[in-house]
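Examination of the molecular architecture
Chain by chain, the residues:
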Amino acid sequence: MTERGARATGIESELDQVRVRCRKVDEYRAAGIEPYDGPVYSRDEAARLVAEFDTREGSAVRVAGRIRALRFHGKVAFADLWDESGRIQLLVGVDRVGEQAYHWWQTLDLGDIVMAQGKLVKTRRGEVSVEVENFRLLAKALRPLPDKWAGLREVELRYRYRYLDLLVNPDVRRTFVVRSQILQAIRDFLTARGYLEVETPILHPLAGGANARPFVTYHNALGMPLFLRVAPELYLKRLLVGGFEKVFEIGKNFRNEGIDTRHNPEFTSLEVYEAYGDAASMMRLTEEMVAFVARRTLGTEVISFQGQEIRLTPPWERMTMRQAVARVAGVPVEQLNTDEGLDELFGAHGLKSEKQGYGHRLVELFETLVEPHLVQPVFITEYPVEVSPLAKRMRDDPRFTDRFEPYVAGQEIGNGFSELNDPVDQRQRFEAQEEARRKGDEEAHRMDEDFIRALEYGMPPAGGLGIGIDRLVMLLTDSPSIRDVLLFPQLRPET
RNA sequence: GAGCCGGUAGCUCAGCAGGUAGAGCAGCGGACUUUUAAUCCGCGGGUCGAGGGUUCGAGUCCCUCUCGGCUCACCA
């Protein structure tokens, strides 16, 4: 098997195309040509040369990039060279480069990365081209690229070999450029308003701040288990205790859960905290930030997601969870205030409640009845205290917390609330979570004594906000699956 | 975890009712000094996801497994 592959590269392949390319590497080296040459410190952008032809006609230029098409015509040849900016045609004639160089040129394959310099000209057919005087091979491609026209369609291959996906599917590249711009816009928006970007630990002795099962790892020197964080929340609030008043963190969280079109085991969140703020101030921040980001990256606040037109212009609608359920179910809001009222609704919609307790059951009704209908941006407010162990209670109704979730296109894209800063109440909430854990809820919060101690020193009242960056990118790039906005989504190992 | 769909040449895809596996592009050889998915002539290339079964004979039918997609469940 090895015998049939190339000696120089050691790549074992039965594929004749690979064998041929490997053999060329050996031949290049035998002839004193380095097939992985470089660097090229100064070069012209392909697309720019094409755009600026009128002012640069006839001048000496140098380009570097990947050969994506080759057209041979006897003693003259054409090639499409692509760099990140775009495409330019190379014109290679034997009378200009000489017999020997032309021979080497003919050994190039699709996918090879080359440097070429020469004169900027227009061909007989009017195409801006580099009339090559000399060239260098910078990287021999040993494997054939996916077909230029059919592209790379098979989804599994696109995720597994994302570099090929990026190479042949232009929309994919665009999505990740926009993703980068979104992150930049968020940082610009927040830092311009005086928020400080911070980094808190990813390895936690206790995974807190969200209801989720963590990944476990182990620190050898400390001799202790550590958890990959499920949320940065509890560390960021310690910073409020420490006197920072406006902070944010953008980073990865890790949750040991299933994978589907909206969940990846590692995902990126933005969390923002503002001392002396509350849920209302964070809602204003959310709608302004999302609209700003859309404007900056897409040039508009009106976007299209899976065929639906969505207006991100503030202010967004605000609706309590009870109002939302009442409206969709067509019942008076008061009915949502009692267990009996909830029973009636479950019955009326042929649903069977799987959870116990008023708060959990209200949320259950909300998620099944209301969520899919929330197309235009809306803040759902007043979440039951049972599902909100870190949020401050409403002063006039302690069953609920001063919490909100922004919904756009039927998806929750974030979560925010007035932060609970009463250490005694916080301890009771953790105890309730521990109780739920004892009853089998593996995702309930753990008692975090160190966090409570921090609160006991006094944390200013504060508003907090979390945004699922991947969900936001999906929304702004019209991507139906989270895998479309992650460069390397989690997959099972290749078999 | 359940249901449905898919995995055939490097890529994109055909393959009927079970009868020795096909196309386009890519590749290899040849012709060609201005092409634009160049053209023309010739040629090679397959563990049909893996394993088992039925059959004289399986890409095709049956079973198991595997990878992926979608939906549901799970996921505040």
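Residues numbered from 1 in each chain as written. Chains lettered and ligands numbered in written order. Predicted model: local features only at pLDDT ≥ 70, side-chain atom pairs only at ≥ 80, totals over all residues. Heavy atoms only, no water.

When helices and strands are tallied, chain A shows 16 helices and 20 strands. Against the globule reference of 23 Å for 495 residues, chain A gives a C-alpha radius of gyration of 29 Å, more extended than a compact globule. A principal-axis box enclosing the C-alpha atoms of chain A has dimensions of 90 × 55 × 50 Å. In chain A, buried positions account for 50% of the 495 residues. Considering only residue pairs separated by 6 or more positions, chain A has 63% of its internal contacts joining residues 24 or more positions apart. Approximately 24,700 Å² of chain A is accessible, and the part contributed by carbon and sulfur atoms is 49%. (Helix = DSSP H or I, 4+ residues; strand = E, 2+ residues; numbered from the N terminus. Rg over C-alpha atoms; globule rule 2.2 N^0.38 Å. Buried < 20%, exposed > 50% of the residue type's maximum accessible area, 1.4 Å probe, protein only. Contact = heavy atoms within 4.5 Å. Areas by Shrake-Rupley, 256 points an atom, 1.4 Å probe, with all protein chains shown as cover.)

Okay, the protein's contact with RNA strand B next. Near RNA strand B there are 54 residues, and of these Arg 125, Glu 156, Asn 211, Asn 415 and Glu 443 occur at the shortest range. Taking all atoms of RNA strand B within 4 Å of the protein, the share assigned to sugar and phosphate is 56%. Between RNA strand B and Asp 147 there is a distance of 2.5 Å, counted from a sugar or linking oxygen to a side-chain nitrogen or oxygen. In this structure, a base nitrogen belonging to RNA strand B sits 3.0 Å away from a side-chain N or O atom of Glu 405. (Near = heavy atom within 4 Å. Polar contact = N/O pair within 3.5 Å; in protein donor to acceptor, adjacent residues only side chain to side chain.)

Strand order in the closed barrel formed by five strands is S1-S2-S3-S5-S4, and the pairing between neighbours is mixed. Averaged over all pairs of adjacent strands, the angle between their axes in this sheet comes to 55°, without regard to strand direction. Pairing of strand S1 (residues 60–73) with strand S4 (residues 113–122) involves seven bridges; the strand directions are antiparallel. Across the sheet, Arg 66 pairs through a bridge with Ile 113, a residue of S4. (Pairing = 2+ DSSP bridges. Axes fitted to C-alpha atoms, helices over the stretch in contact; angles between N-to-C directions.)

Another point: the pattern of salt bridges. Counted by the stated rule, this structure contains 44 salt bridges. Note that Lys 24 and Asp 109 form a salt bridge whose closest N and O atoms lie 2.9 Å from each other. Placement of the pair is Lys 24 in helix H1 (residues 16–30) and Asp 109 in the loop between helix H5 (99–105) and S4, with a sequence separation of 85 residues. What makes Asp 109 buried here is its relative accessible area of 13%. Where Arg 48 meets Glu 52, a salt bridge forms, and the shortest distance between an N and an O atom there is 3.1 Å. What makes Glu 52 partly exposed here is its relative accessible area of 27%. Overlapping salt bridges bring together Lys 24, Asp 109, Asp 112 and Lys 140 as one network. (Salt bridge = Lys/Arg side-chain N within 4 Å of Asp/Glu carboxyl O.)

What follows concerns the pairing of strand S3 (residues 86–93). In terms of burial, S3 is a largely internal element, seven of the eight residues being buried. Direction of pairing for strand S2 (residues 76–83) relative to S3: antiparallel, over a ladder of eight bridges. Following the sheet pairing, Asp 83 is matched in S3 by Gly 86. For S3 and strand S5 (residues 128–139), the ladder comprises three bridges, and the chain directions are parallel. Paired with Leu 91 across the strands is Glu 131, a residue of S5.

Turning next to the sheet that holds strand S9 (residues 224–228). Read across the sheet, three strands follow the order S7-S9-S8 without closing on themselves; strand pairing throughout is antiparallel. Of all strands in the sheet, those with a lone pairing partner are strand S7 (203–204) and strand S8 (216–219), marking the two edges. Pairing between S8 and S9: four bridges, direction antiparallel. Within S9, the position partnered with Val 216 by the bridge is Phe 227.

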